[in-house]
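# Fold and contact review
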Amino acid sequence: MSRKIASDVFSRRAFLRSAATFGATALAGTAAAQSALDDIINAPRRGSWDDQFDAKASRTATAVVSNNPIFGPGAAGSIQQAIMDYQNIVASGGWPTVNTSIKLELGVSDPSVQQLRQRLIISGDLPRSAGLSDAFDSYVDGAVKRFQARHGLPSDGVIGEYTLKAVNVPADTRLGQLQTNLIRIQAMSGDLGRRYVMVNIPAAYIEAVENGRVVSRHTAIVGKIDRQSPVLNSKIYEVILNPYWTAPRSIVQKDIMPLMRKDPTYLERNAIRLIDGKGNEVAPETIDWNAEKAPDLMFRQDPGKINAMSSTKINFHNEHAVYMHDTPQQGLFNKLMRFESSGCVRVQNVRDLSTWLLKETPGWSRQQMEATIRAGQNTPIRLAEEVPVYFVYITAWSAKDRVVQFRDDIYQKDGVAELALQTNYGVEQPAGAIDQDLLPQ
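Just so you know, the residues in each chain are numbered from 1, in the order the chain's sequence is written. The model is predicted, so local features are restricted to residues of pLDDT at least 70 and side-chain atom pairs to those at 80 or more, both for listing and for counting; the totals for chains, interfaces and linings are taken over all residues. Excluded from the side-chain calculation are hydrogens and water; included are all heavy atoms of the structure.

### Notes on the nonpolar core
What we call a nonpolar core is a set of buried Ala, Val, Leu, Ile, Met, Phe, Trp, Tyr and Cys residues that are connected through their side-chain atoms within 4.5 Å. Working definition: with a 1.4 Å probe on protein chains only, accessible area under 20% of the residue-type maximum means buried, over 50% means exposed, and in between means partly exposed. Counting 55 residues, the largest nonpolar core has Val197, Phe299, Met324 and Leu357 as its most contacted members. Ile79, Ile89, Met198 and Ile394 belong to the second largest nonpolar core, which has 29 residues in total.

### A closer look at the side chain of Gln148
Numbering of helices and strands runs from the N terminus, with a helix taken as a DSSP run of H or I at least four residues long and a strand as a DSSP run of E at least two residues long. In this fold, Gln148 is placed in helix α6 (residues 138-150). One polar contact links Gln148 to Thr163, side chain to side chain, over a distance of 3.1 Å. Note on contacts: a residue pair is in contact if any heavy atoms of the two residues lie within 4.5 Å. Leave out the neighbours within four places in its chain, and Gln148 touches Leu153, Pro154, Ser155, Asp156, Gly157, Val158 and Thr163. Two N or O atoms count as a polar contact when they lie within 3.5 Å, although within protein this holds only if one can serve as hydrogen donor and the other as acceptor, and sequence-adjacent residues are included solely when both atoms are side-chain atoms.

### What about the packing of aromatic side chains?
A pair of Phe, Tyr and Trp rings is counted when the ring centres sit within 6.5 Å of each other, with Trp represented by its six-membered ring. The angle between the planes then sorts it: under 30 degrees is stacked, over 60 is edge-to-face, the rest tilted. Taken as a whole and judged by the stated rule, the model has seven aromatic pairs. Judged by centre distance (5.8 Å) and plane angle (70 degrees), the ring pair of Tyr86 and Phe406 falls under edge-to-face. In this pair, Tyr86 is assigned in helix α4 (residues 75-91) and Phe406 in strand β15 (residues 404-406), connecting sequence segments 320 residues apart. With centroids separated by 5.4 Å and ring planes inclined at 55 degrees, the aromatic side chains of Phe316 and Phe391 adopt a geometry described as tilted. Highlighted residues: Phe316 in strand β9 (residues 312-316) and Phe391 in strand β13 (residues 379-392), separated in sequence by 75 residues.

### Overview of the pattern of salt bridges
When a carboxyl oxygen of Asp or Glu lies within 4 Å of a side-chain nitrogen of Lys or Arg, that pair is called a salt bridge. Scanning all chains against the criterion turns up 19 salt bridges. Here Glu370 and Arg366 are joined by a salt bridge, their closest N and O atoms 2.8 Å apart. Taken as a pair, Glu370 and Arg366 lie in helix α12 (residues 366-375) at a separation of four residues, close to a single helical turn. A relative accessible area of 16% means that Glu370 is categorised as buried. When its relative accessible area of 29% is taken as the criterion, Arg366 is described as partly exposed.

### Brief notes about unusual backbone geometry
Not every positive phi belongs to a glycine, and Ala204 is a case in point at roughly 50 degrees. As for its placement among the helices and strands, Ala204 is situated in the loop between β1 (195-200) and β2 (205-210). Of note, Gln412 is a non-glycine position whose phi angle comes to about 55 degrees, a positive value. Its place among the elements puts Gln412 in the segment after β15.

### Structural notes on helix α9 (residues 249-262)
With 14 residues, α9 extends 19 Å from end C-alpha to end C-alpha; this agrees with the ideal 20 Å at 1.5 Å per step. Here the bend at each residue means the angle between axes fitted to two seven-residue stretches, the one ending at that residue and the one beginning there. Taken as a whole, α9 carries its principal kink of about 35 degrees at Ile256; the proline Pro258 stands between one and four residues after it. Ile251, Val252, Asp255, Ile256, Met257 and Met260 are the residues of α9 that are buried. Where α9 is buried, its residues meet β5 (245-246), α10 (266-269) and β8 (298-301). The span one expects for a helix is its residue count, reduced by one, times 1.5 Å.

### Details of the pairing of β2
Most of β2 is tucked away, with six of its six residues classed as buried. A strand pair is defined by DSSP finding two or more bridges across the two strands. Strand direction decides the pairing type here: β1 and β2, joined by six bridges, are antiparallel. Its bridge partner lying in β2, Met198 is registered against Glu207. Connecting the antiparallel pair β1 and β2 is a turn made up of four residues, with Ala204 showing a positive phi of about 50 degrees. Where β2 lies against strand β3 (residues 213-223), six bridges are found, and the strand directions are antiparallel.

### Here's the deal with the confidence of the model for the protein
When pLDDT is averaged across the protein, the result is 82; 78% of the residues are at 70 or more. Here pLDDT means the predictor's own confidence in every residue, given as a number from 0 to 100. Within the protein, β13 carries the highest mean pLDDT (98), whereas helix α2 (residues 31-42) carries the lowest (38). Low pLDDT, under 50, characterises residues 1-58; the stretch is placed with 36 contacts to residues that sit more than four places away or in other chains. Considering only residues more than four positions removed or in separate chains, one finds that residues 423-437, a stretch of pLDDT under 50, has 40 contacts.

Printed below as a string of structure tokens:
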């Protein structure tokens, strides 16, 4: 160890000891903070002071992620335990409201941070040993990231608009949310199957579950409030590689006809062909695009990278004509608000999900699937055994690790306005056409 590094380490230790001693003398209530500092100072095989804090902070958010499915063994018992925990919180007076006019983040010192610390301690996101102070330190940063992960928010450690709204939902409201979702989870307490796919609509994500464990999770884009993804139980029977996309009649009439009047090359640029009732292709230039009604033809988009469903379509039996699919607009998965479709569900990393779905179908390894996609030929594949799929609406749950998760009530089914935190979800949008979000641009 160099003389300079040794000096730095010594000065840090000296600072911690003197600061802790001062705090214990000045305020009797800081005994827990003193203990926390001593634990860090005396921790065996620890790194530097900063490394110890940063490592602890980063672990808190990742600890929220596990292989426990929402409907895993004992799911109802887990949420009942969470209800009892929250009943105790409510009976003890709940948690404080965090009042701040500034953005709270690492390095900030403000009286509102003390409110934030208390709030996070009560909900179990911040250890009590972290104490109460005005400093937004690495302990608070880690606790905020953990809170954000539990609420489906980007784990950036910053108290921005949406995180602050979530923080300030009262404890009794969260208790009610848990009680509402207990009923939903109890309704799914039967045998869901050895392998199944679960689409949680308000969480906008998908779980592929096998033998009671989550094999993979996928970010999803689900229906907006006026074009909701339906709650359903069905079975996946088919994966289509390089799918065709057929434009619904409503889109042809309301959207494609006006587009062709403005740009006669629209169909050609988007690889959309006109097919008559006998399967023959019809040339676009033979159509009167100024006519009041659209031609009685099928508007079918060829497979390819610009196809509205990109590489994959996953079919399952249902009366709503919805399905899961890939998308050429991969950037949409990075958005916080992923409630933009017209009912169908777009799946991030859909090829991973397809590989898992097809793993028991002979002849369809990942390599064969990728080769078929590269070839660009439309290829429907029937699964050797149909896989159950469940579209569910669960806004609060807890697994056996006792990590309690909450999501926004995007379709306003929980009956409490405060739980629809992304307020623009409640703003009625122009209805538009079914599947308008799939219209090639």
